[in-house]
Each structure stands twice: as structure tokens, then as C-alpha cells.
Amino acid sequence: MKTFAPFLTSLVVAVWVIAIAIISVQNATPVSLKFLTFQSIQIPMGLVLAFSAVIGLIGMALLQPLWGLAGIRQSNSRLEDDAEFFVDDEDF
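Residues numbered from 1 in each chain as written. Predicted model: local features only at pLDDT ≥ 70, side-chain atom pairs only at ≥ 80, totals over all residues. Heavy atoms only, no water.

This brings us to the environment of valine 13. Positionally, valine 13 belongs in helix H1 (residues 4-26). Between the alpha carbons of valine 13 and leucine 57 there is a distance of 9.4 Å; along the sequence they are 44 residues apart. (Helix = DSSP H or I, 4+ residues; strand = E, 2+ residues; numbered from the N terminus.)

A cluster of nonpolar side chains, Phe4, Phe7, Leu8, Leu11, Val12, Val15 and Trp16, forms an exposed patch at the surface whose accessible area comes to about 720 Å². Its place among the elements puts phenylalanine 4 in helix H1. Since its relative accessible area comes to 46%, phenylalanine 4 is described here as partly exposed. (Patch = residues over 30% accessible without salt bridge, like charges linked within 9 Å, V, L, I, M, F, W, Y side chains within 5 Å. Areas by Shrake-Rupley, 256 points an atom, 1.4 Å probe, with all protein chains shown as cover. Salt bridge = Lys/Arg side-chain N within 4 Å of Asp/Glu carboxyl O. Buried < 20%, exposed > 50% of the residue type's maximum accessible area, 1.4 Å probe, protein only.)

The next subject is the environment of isoleucine 22. With respect to the helices and strands, the residue isoleucine 22 is situated in helix H1. Here isoleucine 22 falls in the partly exposed class, since its relative accessible area comes to 46%. Separated by 24 residues in sequence, isoleucine 22 and glycine 46 place their C-alpha atoms 8.7 Å apart.

Shape descriptors only; they carry no functional weight alone.
The structure is reproduced here in C-alpha cells:
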């Protein structure tokens, strides 16, 4: 069971890479990206899709540990808050 999660992750990434490669080959028309007043050079649409996917994968890989740390902090603070409301009736 320990090898299933890495295998599934590798399979999903492989499918994404294959899909991006197929889309990149089919979308070779050059496009120019515009953001506010900035405009990029003409690059193939498939390359834009590939760069976007890579940036998303890297961004999620970098942010995921930070979300894990935030979740640990929240669960610790909830446990401390809940501990104040428990009263042991046997002491009275």
C-alpha cells in the first residue's frame, strides 16, 4: 500500500505531461500574451500551456508544506481552546 500513492502520483503526472505534449503539437499558432499594458513576444500556444502547467506544479509543490504547517498550528490551537471547557465532575 505504501507504493500505491507514489505510483498514482507518477501516473497522474505522466498523463498530464503526455496531454500537454499532444496539445502543444496541435497548437503551434503563435500568440501574444497581454496583461494590463504589458505585452509578450509571439510564442506558440502549446508552449504557453506547458509553462503554465509547470509553474502550477512547482507552485503547488512549494506551497503544500506551508499549508501543512498552518494546519498543524490550527489543530494545536483548537486543542488548547477545547481543553479549557472540559471540567472533571469528580472533583466536586
